[in-house]
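# A look at the structure
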Amino acid sequence: MKKSRKSAESNGTRVDPVTATVIHGALESIAIEMGHKLMRMSYSSIIRESEDFGTALTDPQGRQLCECKMSTPLQSGPIPGYVRGILKTLAERGDKVEPGDVIMHNDPYGGASHGPDIGFCIPVFLNKKLIGFSVTTAHHLDVGALTPGSCGIVDAVDTYAEGLQFKATKIASLGKRNEAVWQILRSNIRAPELVVGDMEAQIAAAEIGAARFKSLVQQYGEKTFNGAFEDLMDYSERLMRNAIAELPDGEYSATTFIDGFPDIDDPKYHDLPIKVTLRVRGDEIEVDLTGTADEIPDKPINMPLEGTVDCAIWLTLRSILLDSVKYGDIPQNSGLTRPITIKAPNGCLANPNFPSPVIARFCPGNQLADTLMKALSQVVPEQVSAGIGNLRIVAFSGLNKGEHWVHMEILEGSYGGRNGLDGMDAVDTLYANTRNNPVEDMESHLPLRIDCYKLRNDVAAAGKWRGGVGSVRQFTYLADGGFSIEGEGHIYRPWGFEGGHEGTTGQLKLVGIDGNAKDMASKVPYHRMSAGQSLVAYGPCGGGYGNPLERDPEKVLADVLDEFISPEAAKAAYGVIIRDCKVDMPATTQMRMQR
Amino acid sequence: MKIIGVDVGGTFTDLILCDTRKSRVFTYKIATTPNDPSDGVMTGVSDICRLNGVDPGDIDYVFHGTTTATNAVLENKGARTGMITNEGFRDIIHIGRHQRVHHYSIMQELPWQNRPLVARRYRKTVPGRLIPPSGEELVPLDEGAVQNAARELKAEGIDAVAICFLFSYLNSAHEDRAREIVQAEMPDAFVTTSSHVSPQFREFERFTTAALAAFIGPKVERYINHLNRAMRDAGVRADLRIMASNGGVATPEMVTSKPALTLMSGLAAGVLGGAMIGKLAGRKRLITFDIGGTSADIGIVIDGRLAETDARSTSIAGFPIILPMIDIHTIGAGGGSIAHIDPGGAFRVGPQSAGAVPGPAAYGNGGTESTVTDANIVLGRLDPDNFLGGAMKMDEERSKTVISRLAAQLGLPPSETAEGIITIINANMANAIHSQTVQKGIDPRGFALVALGGAGPLHGAEVARQLGIPEVIVPPFPGITSAMGLLTTDLKYDEVRTQFQNSRSVNISKVNADFCEMEEKLIGQYKLDKIAASKVSFRRFADLRYVGQGYELKVPMPADKLTVKSIQKVWDAFHKAHRREYGHSFMESPIEVVNIQISGTGKIPKLTRFEKPSGTSVDKAFLRSKPCIFRVDGKLREFATGFYRRDLLPVGKKIKGPAVLVQTDSTTLVPPDATAKADEFGSVVISLGKAK
């Protein structure tokens, strides 16, 4: 297979189309194998169940060759940034990558997504020449921050308070493990067994990727391989350019708000605008975040431009303009992002300065994705959903015989209605796509009781296509412990679209042993809990899409029977009259005419 | 003993009849009757008996692979299903794992939300709650509430009910009691419980499996009863045995009680057929490779044992199933796969397929796109005049026209395009095999590939070569291997119990007690099935993981009572399995026993051999020589290629590639630098030369 087939010049490609397709398939297999092994080997549920990990191969410059389909977009997406950050840091230090290195990196001002997402990067050499990197990233349960867990660290005043920082740290050098680093890890991380096990799993998966990568390049030769890779990037780029070219040129802008910290009086801490302006010119698009709130130097909801903001933008554009349902699995690589320029003024929430803290950037980032979708809704109304319900992440923790237990759970949001489809109920939204943990698993391994896990009744946002429905989950402590939480969407309702109603905000209640409930904000720093106390999380419900009066009355009836909406709402919002579990068509027609 | 295997496929119903005392087998093919597949089955059984002078009354067993359950799910045409579950947990099957199917899609649908197996209005909740670790009762079951729920469901016209309570895998008392109450209220309904269907942890997956069972239950029951009756009416007194997804067969009673067992009924038999062929040829490590018109199914067999999936990897129509199941990996690659240029300009083949209608352009049924079959025709590898033994005429010109059109778009010569289609589809298949082997720590170079299906023998050798697999075995009737596989099965039942025990504090007597109880349950079952105790054997397994992990590996357990000493060997075996599968082990970490499983096998009569081929010389088998195109040393070349009648090949005589072996149900390609010879069991073994 080494010899090239008929020249590909006639197609403007470097490699013939058959060899290109075969190499692309092989690359995809490698990334999947890495993900498969990492997910199955890892210890903490945040990786193995929530699938909050990424695997990818890059070229020597950090350009992404392929990513694992199972991994979560916000983990694979930043990998090129990790590699560039590592290369830059090493160069500044007068160091370089060498065979046998395993490099650990989590510097959010050096390409990493945020501190808990630690990358392990293995350089791949062929005949002593660097041909690329095999990289895995994963969210770790604890990185030695001020309170247990690695989410809800909403009190961190700078990046130092967020936990250990690794800036291109060689955890193995020339094939020899650097035991000192491992000792520091074990001494500074709560639940070290889990975290260190996960790190070992990450390294093992990256090693497999490196070996496969090397033999693939050997099989085809560097020239053919590189040609196929450049073709692959061109291919993804071409798809994105074609999709952008179909959009009318112009400027489209949208603003949404995040809660921030409503309990702090100072207005610069709460009700913060996120503004997105899209400028479409030909087959290129500029995403301008001017107008977004200023960075907050002492609260960790700033979003690293590289690793969070760029990924949020790329992933949202691709999900809308190159929706997998229509376009299939397009290779995710650096070509896809070439037609996209991002402009974020330095000093705004979306382009903060070191050492402003960033550890809780997840939910603002997802809100940025939602705002981008809102701007795009003016251009491609048939390819978007109405406003999404944002997420919240909670870390449960406690001490058991002097040893920490930590468990992270992502509390799902929901989608807004879509053209021809109701919103997805109780799912992760936009740039996140993790999994929950089974009730039977949690109760078997943690001192928690799950009292309920269900959808909210009678709250779906009205629309021709209704908004998705949020969940209710209640957790009761069976032993003393604590939790911390980071979230958004307790104040601002998901936006309705083209006459669809606004959605419903999320809520969080703390229920005491006496049964009294107290409302909590979307961000709660570490909070002690006694056995018997409960946390109740109500998920947000996405916005409605289109005029509710145009909704098929039979669908309205179905929603009433399924208790997604009340009979009163059927009448008030949809103008549908239901009698004896049937639609009263004459009364409905009349009612709708009067509106 | 006379036995019949009947496999219902999408287009054809395949039959095979054999007398276990002789080695002669008879095969037969009839069009599938989609409205009621049992019509085709019955006609086929009558026909094959009549054509071969066998009295239907003399048939002892009819083994049957059915797609009734699978199709009910795929077409979303099951029973109107209700569910009774815990208060507070009405929407477990609707929320799922709160994960979307696609990362990058706004317009996607979620199967469990867009096509719920049980609509929310039919999901009733009742007070009652069990808790871990032992299934202790926290809140007693509210029997009045169960009764009310059953009455409501009855009034709503529900035909099937799944009763699903949390932690029922630890203690089925609440589910069992609720079932009694519901059955009393709804005597005509199909009622099942999640612990009956699959007593394993993970509520979304277990509840969904139970809901699937209820959804298909009434249909499967009707089908089996109807078929049983029709057999009696036709004078067939044989016992009916139904293929199950675990690689064994089950009695009609078992299948109507646990219909979810048949969800992968159709697929499982192919792997068994391949396993039998490999065994006859004396090969211990096999990859079965079954290619039809739209998909390729891949199975792994080691030492006669079929690889089983883990609890988290099986789904149907997007719904997860947790049941012991043989591991079959399916990809969208077959003879009908369409070659095209995608919107980004890349050359792709599949997963879209022209299917049976319109089928490849060569069929002349209106197909206008280039398919894999068309590419094979253009390259000369399929004989247009002798497809399906001449039963179907193919139009070579149509293939050339569509391939030339695609070639013009690609800027490649037509022959390069046709060969490119084959290279790409073969690479897709090789990647799929890679994911089932190399990715799981298995080196395919020590395996033989068993090529099955209408198109498997056409692609097997080139796919094998890509993976470094040294030989390909082509069974006597590759196109009806599923029907043949049915004749090689045993009565196989599994029991599973979730344990959640830690290696540092393991309660061995509990494990032993659970194994005993499970074994007794199965012994009772085999007694009911009239299988003598001497014919029954058991194998024990455990699903293990390091404490904290979320995926288990299946490890064999000692057949006798577990001791402190023997369990040490189990831990060692787990470390080893983990290292093999993932390339790493954590020797210091404690291990968790998640599930224990016992698999019972009740031996039944089966097909064990084939007649020795009667061909006398290669010359007699020779049909003609025709030019075929192959890539050698990176270049396309035309070779004069011998076409032979497969059934006339003499045993043990080498045929040098390139060669094409034709038979009514398949075509075998022997590429240049490979050789083929028929063995005494009727298989053809292709030995591959060095990779080029």
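So, how was this worked out
- Along each chain, residue indices are assigned from 1 in the same order as the chain's sequence is written.
- By the order in which they are written, chains take letters starting at A while ligands take numbers starting at 1.
- A pLDDT threshold of at least 70 governs which residues receive local features in this predicted model, and a stricter bar of 80 or more applies before side-chain atom pairs are shown or counted, although totals over entire chains, interfaces and linings include all residues.
- With hydrogens and water excluded, all non-hydrogen atoms of the structure serve as input to the side-chain values.
- Secondary structure elements follow DSSP: runs of H or I no shorter than four residues count as helices, runs of E no shorter than two count as strands, and numbering proceeds from the N terminus.
- Here the expected length of a helix is defined as 1.5 Å per residue gap, with one fewer gap than residues.
- Throughout, exposure labels follow a simple rule: accessible area from a 1.4 Å probe, protein chains only, divided by the maximum for the residue type, with under 20% read as buried, over 50% as exposed, and the rest as partly exposed.
- Salt bridges are identified by distance alone: a Lys or Arg side-chain nitrogen within 4 Å of an Asp or Glu carboxyl oxygen.
- Joining through side-chain atoms within 4.5 Å is the link that ties buried Ala, Val, Leu, Ile, Met, Phe, Trp, Tyr and Cys residues into a set, and such a set is a nonpolar core.
- Only strands joined by at least two bridges in the DSSP assignment are considered to pair.
- Comment: axis = line fitted to C-alpha atoms, over the contacting stretch for helices; angle = value between 0 and 180 degrees taken between N-to-C directions.
- The contact criterion used is simple: two residues touch if any of their non-hydrogen atoms lie within 4.5 Å.
- By buried area we mean the combined loss of accessible area, with a 1.4 Å probe, across both parts when two parts are placed together.
- Distance and chemistry together define a polar contact, namely a pair of N or O atoms within 3.5 Å, with one atom able to donate a hydrogen and the other to accept it when in protein, and with adjacent residues in sequence counting only for side-chain atoms on both sides.
- pLDDT expresses, on a scale from 0 to 100, how confident the predictor is about each individual residue.
- An angle below 35 degrees is read as roughly parallel, one above 145 as roughly antiparallel, one from 65 to 115 as roughly perpendicular, and any other as oblique.
- Lys, Arg, Asp and Glu make up the charged group, whereas Ala, Val, Leu, Ile, Met, Phe, Trp, Tyr, Cys and Pro make up the nonpolar group; the residues left over, Gly among them, are polar.
- A pair of aromatic rings is counted whenever rings of Phe, Tyr or Trp (Trp by its six-membered ring) have centres within 6.5 Å, and the orientation is called stacked for planes under 30 degrees apart, edge-to-face for over 60 and tilted otherwise.
- We call a charge positioned above a ring when the Lys NZ or Arg CZ atom is no farther than 6 Å from the ring centre and deviates by at most 35 degrees from the ring normal.

### Observations concerning helix H14 (residues 456-467) of chain B
Residue and element names in this part refer to chain B. A rise of 1.5 Å per residue sets the reference length of H14, with its twelve residues, at 16 Å; its end C-alpha atoms lie 15 Å apart and thus fit the reference within 8%. Within H14, eleven of the twelve residues are buried, leaving the element largely enclosed by the surrounding structure. Among the residues of H14, those classed as buried are Gly 456, Pro 457, Leu 458, His 459, Gly 460, Ala 461, Glu 462, Val 463, Ala 464, Arg 465 and Leu 467. Just downstream of H14, Gly 468 is the residue with a positive phi angle, here 75 degrees.

### Some remarks on the pattern of salt bridges
All names here are of chain A. If you walk through the whole model with that rule in mind, you get 82 salt bridges over all chains. Between Asp 234 and Arg 338 there is a salt bridge whose closest N-O contact spans 3.1 Å. Within this pair, whereas Asp 234 is found in helix H7 (residues 222-245), its partner Arg 338 is found in the loop between helix H9 (324-327) and strand S11 (340-343), the two being separated by 104 residues in sequence. Using a relative accessible area of 33% as the deciding quantity, one classes Arg 338 as partly exposed. Among the salt bridges present, the one from Asp 425 reaches Arg 466, with a minimum N-O distance of 3.3 Å. Taken together, the residues span a long stretch of sequence, with Asp 425 in the loop between strand S13 (403-411) and helix H11 (439-445) and Arg 466 in the loop between strand S14 (448-455) and strand S15 (471-477) at a distance of 41 residues. Residue classification places Asp 425 among the buried residues on the basis of a relative accessible area of 2%. According to the relative accessible area criterion, Arg 466 is buried, its value standing at 5%. Among the charged side chains, a network of salt bridges with common partners joins Arg 14, Asp 231, Asp 234, Glu 237, Arg 241, Asp 283, Glu 284 and Arg 338.

### Brief notes about the nonpolar core
The tendency in soluble globular proteins is for nonpolar side chains to be buried as a group. Counting residues in each nonpolar core, the largest one holds 320 residues, and the members touching the most others are Leu 317 and Phe 483 of chain A together with Ile 4 of chain B. Ranked by residue count, the leading element in this core is helix H8 (residues 203-233) of chain B, at 15 residues.

### Here we look at helix H6 (residues 192-220) of chain A
Counted at 1.5 Å a residue, the expected span for H6 of chain A with its 29 residues is 42 Å, and the 42 Å between its end C-alpha atoms agrees. Downstream of H6 of chain A by a residue or two, Gly 221 of chain A has a phi angle that is positive, lying close to 85 degrees.

### Digging into the pairing of strand S1 (residues 53-58) of chain A
Residues and elements named next belong to chain A. By the criterion of burial, S1 is predominantly enclosed, with six of the six residues buried. Side-chain alternation along S1 places Phe 53, Thr 55 and Leu 57 on one buried face and Gly 54, Ala 56 and Thr 58 on a second face that is also buried. Pairing between S1 and strand S5 (residues 129-139): six bridges, direction antiparallel. Across the sheet, Leu 57 pairs through a bridge with Ser 134, a residue of S5. Hairpin connection, S1 to strand S2 (residues 64-67): the antiparallel pair is bridged by five residues, and Gly 62 has positive phi, about 95 degrees.

### Considering the sheet that holds S13 of chain A
Residues and elements named next belong to chain A. A sheet is described by the order of its strands in space; here four strands give the open sequence S13-S12-S16-S19, paired in antiparallel fashion. Two strands close off the open sheet at either side, each with one partner strand: S13 and strand S19 (524-529). Taken over all neighbouring pairs, the strand axes of this sheet differ in orientation by 20 degrees on average, direction set aside.

### Topic: the pairing of strand S27 (residues 622-632) of chain B
Residue and element names in this part refer to chain B. As judged from the ten bridges shared by S27 and strand S28 (residues 635-645), these two strands associate in the antiparallel manner. Of the residues in S28, the one forming a bridge with Phe 630 is Arg 637. Counted along the chain from S27 to the antiparallel partner S28, the turn is two residues long, and its residue Asp 633 has a positive phi close to 55 degrees.

### Concerning the side chain of Lys 37 of chain A
Along the chain, Lys 37 of chain A falls in helix H1 (residues 17-41). If we ignore the near neighbours within four places in the chain, the residues touching Lys 37 of chain A are Ile 208 and Arg 212 of chain A together with Val 438, Gln 439, Glu 581 and Tyr 582 of chain B.

### Some thoughts on the interface of chain A and chain B
Between chain A and chain B, the residue contacts involve 98 residues of the former and 84 residues of the latter. Both faces combined, the contact of chain A with chain B buries some 7600 Å², and carbon together with sulfur accounts for 52% of it. Of all residues in chain A, Arg 40, Tyr 43 and Glu 440 of chain A give up the largest surface area on contact with chain B, accounting jointly for 11% of the area buried on that side. For the interface between chain A and chain B, the tally reads four salt bridges. Arg 90 of chain B is the salt-bridge partner of Glu 563 of chain A, the closest N and O atoms lying 2.9 Å from each other. In this assembly, chain A and chain B are joined by 47 residue pairs in polar contact (both at pLDDT 80 or more). Broken down by element, the side of chain A that touches chain B gets its largest block of residues, 14 residues, from H1 of chain A.

### Overview of the confidence of the model for chain A
Regions with low pLDDT should not have their predicted coordinates read in detail. On average, residues of chain A carry a pLDDT of 94, and 98% of them reach 70 or more. Confidence drops under a pLDDT of 50 for residues 1-10 of chain A, and excluding neighbours within four residues, the segment shows 27 contacts in the predicted structure.

### A few points about the side chain of Gln 332 of chain A
Within the secondary structure, Gln 332 of chain A sits in the loop between H9 and S11. If we skip the residues at most four places from it in the chain, Gln 332 of chain A touches Gln 64, Cys 66, Glu 67 and Arg 318 of chain A together with Tyr 104 of chain B.

### Section: the packing of H1 of chain A against H7 of chain A
Helix-helix packing is characterised by the crossing angle of the two axes and by the distance between the axes. Residues and elements named next belong to chain A. As a packed pair, H1 and H7 sit with axes 9 Å apart at the nearest point and diverge in direction by 85 degrees. With respect to H7, the element H1 is oriented roughly perpendicular. Contacts between H1 and H7 involve Thr 19, Ala 20, Ile 23, His 24 and Leu 27 from the former and Thr 224, Phe 225, Ala 228 and Leu 232 from the latter. A per-class count over the contact of H1 with H7 returns six nonpolar, three polar and no charged.

### What to know about the packing of aromatic side chains
The full count for this structure, using the stated rule, is 21 aromatic pairs over all chains. An angle of 85 degrees between the planes, with centres 5.6 Å apart, marks the rings of Tyr 109 of chain A and Phe 354 of chain A as edge-to-face. Taken together, the positions of Tyr 109 of chain A in the loop between strand S3 (102-105) and strand S4 (117-126) and Phe 354 of chain A in the loop between S11 and helix H10 (362-376) put the pair 245 residues apart, joining distant regions of the chain. On the basis of relative accessible area, Tyr 109 of chain A is assigned to the partly exposed category, the value being 28%. Here Phe 354 of chain A falls in the partly exposed class, since its relative accessible area comes to 39%. Measuring from centroid to centroid gives 6.3 Å for Trp 495 of chain A and Phe 497 of chain A, while their planes differ by 75 degrees, and the two rings are edge-to-face. Neither residue differs from the other here; Trp 495 of chain A and Phe 497 of chain A are each classed as buried. Joined through ring pairs, the aromatic side chains of Tyr 43 of chain A together with Tyr 546, Phe 574 and Phe 586 of chain B make up one cluster. Above the ring of Tyr 122 of chain B, the side-chain terminus of Arg 121 of chain B is found at 6.0 Å from the ring centroid.

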